[in-house]
Structure formats: C-alpha cells, structure tokens
Amino acid sequence: MRVVIVTESFPPDVNGVAHCALQTARHLVDRGHDCVVVAPAPAPGNGADASAPCPLVRIPSLPLPGYPQVRVALPSRRVAAAIADHRADLVHLAGPFVLGVRGMAAAARLGVPAVAVYQTDLAGYARTYMGAGEAAAWRRIRSVHSAADLTLAPSGAALRDLRAHGVPRVGLWPRGVDTVRFRPDRRDEALRRELAPHGELIVGYVGRLAPEKQVELLAGVCGLDGVRVVVVGDGPSRPGLEQALPGAVFLGRRTGDDLARVFASLDVFAHTGPFETFCQTVQEAMASGVPVVAPAAGGPLDLVADGRTGLLVPPRDAAAVRDAVWSLTADPALRAAYGAAGRAAVEGRTWAAVGDRLIGHYTDVLTSRKAVMAA
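Owing to the predicted nature of the structure, the values given are computational and were not obtained by experimental measurement. Numbers given for residues are sequential positions, taken from 1 along each chain in its written order. With the structure being a predicted model, the display of local features is reserved for residues of pLDDT at least 70 and the display and counting of side-chain atom pairs for 80 or more, all residues being used for whole-chain, interface and lining totals. Note: side-chain values were computed over all heavy atoms of the structure, leaving out hydrogens and water.

Novice: When you look at the nonpolar core in this model, what are you seeing that I'm missing?
Specialist: For soluble globular proteins, nonpolar side chains are generally found buried alongside one another. Working definition of a nonpolar core: buried Ala, Val, Leu, Ile, Met, Phe, Trp, Tyr and Cys residues. They are joined through side-chain atoms within 4.5 Å. Three exposure classes are used, based on accessible area relative to the maximum for each residue type with a 1.4 Å probe and protein chains only: buried under 20%, partly exposed in between, and exposed over 50%. If you look at the biggest cluster of nonpolar residues, it comprises 28 residues, and the most contacted ones within it are Val232, Phe263, Phe269, Val282, Val292 and Leu303. When residues of this core are traced back to their parent elements, those giving at least two are helix 7 (189–195), strand 10 (201–206), strand 11 (227–232), helix 10 (256–264), helix 11 (280–287) and strand 14 (292–295). Residue contacts are defined here by distance: any two heavy atoms, one from each residue, within 4.5 Å place the two residues in contact. Setting aside anything within four residues of it in sequence, one finds Val232 in contact with Tyr205, Val206, Gly207, Leu251, Gly252, Arg254, Leu259 and Val262. Secondary structure follows DSSP: runs of H or I at least 4 residues long count as helices, runs of E at least 2 residues long count as strands, and numbering of each begins at the N terminus.

Here is the structure:
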C-alpha cells in the first residue's frame, strides 16, 4: 500500500500529533508499506529529520503568534505534488486543520481516498483562548472531516462528540504506548533523591504548559505536607505556573528514556486538562506502573478505571485534585495496587497492535471506494 501522511506536526515537535504521526509512519514501514510524510518545516536550526523512517517532505512554515512552539504551514504546491508523485493509494490526515485541509483537497482532486485522524479538541481550545467560538470551531471540524472517507476518533468521548456535531463516517482508533520504554523498573532512586531531597512523595505532571492544560489546578497539591510536585514540559504558561505552584520543580522538556525515567520515578501522576481527545501521558504513566489522577472528561474516561488504576475527578476542580492526590499519597498499598493494575491494563496496547488496527481501517476504506467505483 502506498500511503502519504499529511500531518500538522512532526518531530522534532513534541506533542500528541507529532508522536502519533511518527509511530504511524514507523509501523507502516515495518509492515512493508510505502510511506511518505508531509509536514511543516521546524524552526530554523531545529531539524531532526534523520529520525524519520521514510521520505519526508517539509512545507515552509511560520510560528503561531503567541505560541512559537507551534508551526503553521504556509500555502504550498508541495502537498499535492507529494501525493501525486508518490502515486498514493490513500492519504492519512493527522489532525487536519491547515496543512491537512490542503491535503484533503489535493486527495479529492486526485481521486485518492482520505482517512482523517481527529486529535485536537479545537472547540475546547476556542473556549479557553477566546471565551467563545465553540460553534465556529465545530463548523470548521465538521467541514474538514466531512470530506474524508473515514474519520478516526481516539476515544469514546471524542467519537460521541464528532457524531453529535454531525461528522459522518466516524470510527474508533486509539493510540498505542511503548511498553518497552515506559516500564516500572526504570524507577531511579538517585533521581528521586534529587527531586525530593527530604523524602517527599513525588506527584508529577507531564505535558504542554499552556492555558488549556489548567496545570494551575495543582496549586493545592503543592500545599500538601510531604509532597513535592514535579512539572515536565514547556510552553507559554511556564512563567505564570512557576509563580502559581510554589515549591514545584520544573524540569522543562524531557523525551525518550530520560522521560521514561521521570515517569517511573513518580509516586502519583496527575493530569489536569479537561480537553484531551485521548491523553497519551496517562497511558505512559500507567505503563510506568504509576497511579493516575485525571479529570472525568475526554480521553481519560477510556483509559483510567476509577478505583482500580487511578482516580477520576470532576474537571476544573482543584479541591478534588488535591483530595484525590492526598488519598493516594496516604496509602502506599493502594498506590502499588493501582500502579500494577495500570501496567496490566496497557500491556496489550502496543503501537504494533494499534497500527495493525489502523491498516485494517485503511483496507476497509479502499474496499469501500472500489465497490463504489464498480457500482
């Protein structure tokens, strides 16, 4: 199968869309498929294209105003040219919004089936950043995804949202987790002593530091006796969060085995953002054997078994986050039980298993398209 992945983000970017696009490309290549990736160019001097598992077409881009970590692709004929030159059987659109819309239009002109992967809660972001605009965001989402042969939602909550807002032809495709990299035996006592020199229990957050993540909800956790909050990630909210979370340790961006070591060295993982269509960091914490506290909204509803692998709390409720964390820090046996159950729950969710499900979706789309053409 010849596949072109058109993605809004790709490494060296560190985010869910970039990571998922990379894992998808790797799996397609591993399964013997012929793959090309089209993605925005990274910031000058920040190239890491050697890690790409297949040919990579970079589109000139500019930083998003106010959020320079996000790059937006400029108009370019390279998208259509890449699809045509590769003689694609199918176009995979990762989080289509700007570049993906051009990929969708090019696929339609060329008569190539398109599978769109929904990954970002744009409506939630509109509420966060503009205080309004949710309806307009859903109109945009519906317009983009209605043109696809199939839209894949990463969680049950996202699938229900898409259907409720009129997006047709929606299926479910969750995300995988690297259970070899993220595992309990990476726990590092030397790192724990560095982060919590007085033997405090370590409660960690990993992710972007941006308004929609609502990391400030951890302020109450910072006030708990014998608890040290550790924040991993970067973004425009970091200066404000350093003031809002007294005593917290900010580690900046971590990746690869270094990130896995941090995950496994936590006692509790706390996620705060209510707008997650999936929430990969929750899976990585579970794979690391760490109990999870997360909002009962979006992707975490599929991932966290409340009272078995962690605790789900009302979204945007700082007191609920604090109390849930405290109940876990006060009970080592419960933490251990939740951590072990979390690891067991994700052991079958490898990228290989999830990638094969994606190829199954591709096959269904190609079969349906051939049936229509033959009719």
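Novice: Looking at this structure, how should I read the sheet that holds strand 11?
Specialist: Sheet strands line up and pair through hydrogen bonds in the backbone, either parallel or antiparallel. With respect to topology, six strands assemble into an open sheet ordered 12-11-10-13-14-15, the strand pairing being parallel. Strands with a single pairing partner mark the edges of an open sheet, and in this sheet they are strand 12 (249–252) and strand 15 (310–313). Each strand of the sheet is rotated relative to its neighbour by a mean of 20°, with strand direction disregarded. Here strand 11 pairs with strand 12 via three bridges, running parallel. If you follow Val230 over to strand 12, its bridge partner there is Val249. For two strands to be treated as a pair, DSSP must find at least two bridges joining them. Lines fitted to the C-alpha atoms define the axes, with helices restricted to the stretch that makes contact. Angles between their N-to-C directions range from 0 to 180 degrees.

Novice: Any chance you could explain the UniProt feature "domain: Glycosyl transferase family" (unreviewed entry) in the protein here in plain terms?
Specialist: UniProt positions are given in the numbering used here, feature names are shortened, and annotations may be inferred rather than shown by experiment. The UniProt record marks residues 188–343 with the feature "domain: Glycosyl transferase family" (unreviewed entry), using the residue numbering of this structure. Its end C-alpha atoms 18 Å apart, residues 188–343 is made of 40% helix and 17% strand.

Novice: Which parts of the structure should I look at to understand unusual backbone geometry?
Specialist: Trans peptide bonds make up the majority, and among non-glycine residues the majority have a negative phi. Cis geometry is found at the peptide bond from Pro11 to Pro12, where omega equals 20°. Residue placement: Pro12 occurs in the loop between strand 1 (2–7) and helix 1 (16–30). A positive phi angle, near 50°, is found at Arg87, a position not held by glycine. Along the chain, Arg87 falls in the loop between helix 2 (78–86) and strand 6 (90–94). The phi torsion at Gln214 lies on the positive side, around 50°, for a residue other than glycine. By the secondary structure assignment, Gln214 is in the loop between strand 10 and helix 8 (219–222).

Novice: Can you walk me through the pattern of salt bridges in this structure?
Specialist: Salt bridges are identified by distance alone: a Lys or Arg side-chain nitrogen within 4 Å of an Asp or Glu carboxyl oxygen. Taken as a whole and assessed by the stated rule, the structure comprises 19 salt bridges. A salt bridge links Asp149 to Arg369; its shortest N-O distance comes to 2.9 Å. In this pair, Asp149 is assigned in the loop between helix 5 (134–146) and strand 8 (150–153) and Arg369 in helix 15 (residues 351–374), connecting sequence segments 220 residues apart. Taking the relative accessible area as the measure of exposure, Asp149 reaches 24% and is therefore partly exposed. Put simply, Glu189 and Arg192 hold a salt bridge, and the shortest N to O gap is 3.6 Å. In this pair, Glu189 and Arg192 are both assigned in helix 7, three residues apart and thus about one turn of the helix distant. Looking at Glu189, the relative accessible area reads 43%, which means it is partly exposed. Assessed through its relative accessible area of 12%, Arg192 is described here as buried.

Novice: I would appreciate a short explanation of the state of the cysteines in the present structure.
Specialist: Here a disulfide denotes one covalent bond, and it connects the sulfur atoms of two cysteines. Here, a disulfide means two cysteine sulfur atoms that sit within 2.5 Å of each other. By the definition in use, this model includes zero disulfides. In this structure Cys279 is not part of a disulfide, and its nearest cysteine sulfur, from Cys20, lies 14 Å away. Classification of Cys279 by relative accessible area gives buried; the value is 4%.

Novice: Would you explain helix 5 in this entry?
Specialist: Side chains that are three or four residues apart share a direction in an α-helix, a result of its 3.6 residues per turn. Helix span, as expected, comes to 1.5 Å for every residue beyond the first. For helix 5, which comprises 13 residues, the first-to-last C-alpha distance of 18 Å matches the rise-based estimate of 18 Å (1.5 Å per residue) to within 8%. Every buried residue of helix 5 is accounted for by Ala137, Trp138, Ile141, Val144 and His145. Projected down its long axis, helix 5 carries its buried residues within an arc of 130°, all on one side. Across helix 5 from its buried face, at more than 90 degrees, point the exposed residues Ala135 and Ser143. Arc definition: directions from the helix axis to the C-beta atoms.

Novice: Just checking my understanding: could you explain the packing of helix 11 against helix 14 (residues 332–346) for this structure?
Specialist: Each pair of packed helices gets described by two things: the angle between the helix axes and the distance between those axes. Between helix 11 and helix 14, the least distance of the axes is 7 Å, while the angle of their chain directions is 115°. Regarding the angle of helix 11 to helix 14, the classification is roughly perpendicular. Residues Gln283, Met286 and Ala287 of helix 11 pack against Gly339, Gly342, Arg343, Ala345 and Val346 of helix 14. Of the residues assigned to the contact of helix 11 with helix 14, the class counts are four nonpolar, three polar and one charged. For classification purposes, an angle smaller than 35 degrees is called roughly parallel, one larger than 145 roughly antiparallel, one from 65 to 115 roughly perpendicular, and anything else oblique. Each residue gets one label: Ala, Val, Leu, Ile, Met, Phe, Trp, Tyr, Cys and Pro are nonpolar, Asp, Glu, Lys and Arg are charged, and the others, such as Gly, are polar.

Novice: Mind showing me how you'd approach the environment of Ser265 here?
Specialist: Assignment of secondary structure puts Ser265 in the loop between helix 10 and strand 13 (268–270). In this structure the C-alpha to C-alpha distance between Ser265 and Pro184, which are 81 residues apart in sequence, comes to 8.3 Å. The residues touching Ser265, leaving out its near neighbours within four places in the chain, are Arg186, Arg187, Asp188, Leu191, Arg192 and Ile202. We define a polar contact as two N or O atoms separated by no more than 3.5 Å, with the added condition that, inside protein, one atom must be a possible hydrogen donor and the other a possible acceptor, whereas residues neighbouring each other in sequence contribute only through side-chain atom pairs. Within polar-contact distance, the side chain of Ser265 engages the backbone nitrogen of Asp188 at 3.0 Å.

Novice: Looking at this structure, I do not really get the packing of helix 2 against helix 3 (residues 99–110). What am I missing?
Specialist: Viewed as axis vectors pointing N to C, helix 2 and helix 3 meet at an angle of 45°, and their least axial separation amounts to 9 Å. Judged on the interaxial angle alone, helix 3 and helix 2 are oblique. Crossing geometry of helix 2 relative to helix 3 is assigned as right-handed. Touching Val79, Ala80, Ile83 and Ala84 of helix 2 are Leu99, Arg102, Gly103, Ala106, Ala107, Arg109 and Leu110, all from helix 3. Considering only residue class, the contact of helix 2 with helix 3 consists of eight nonpolar, one polar and two charged. Each crossing gets its handedness from the near helix: less than a right angle anticlockwise from the far helix is left-handed, clockwise is right-handed.

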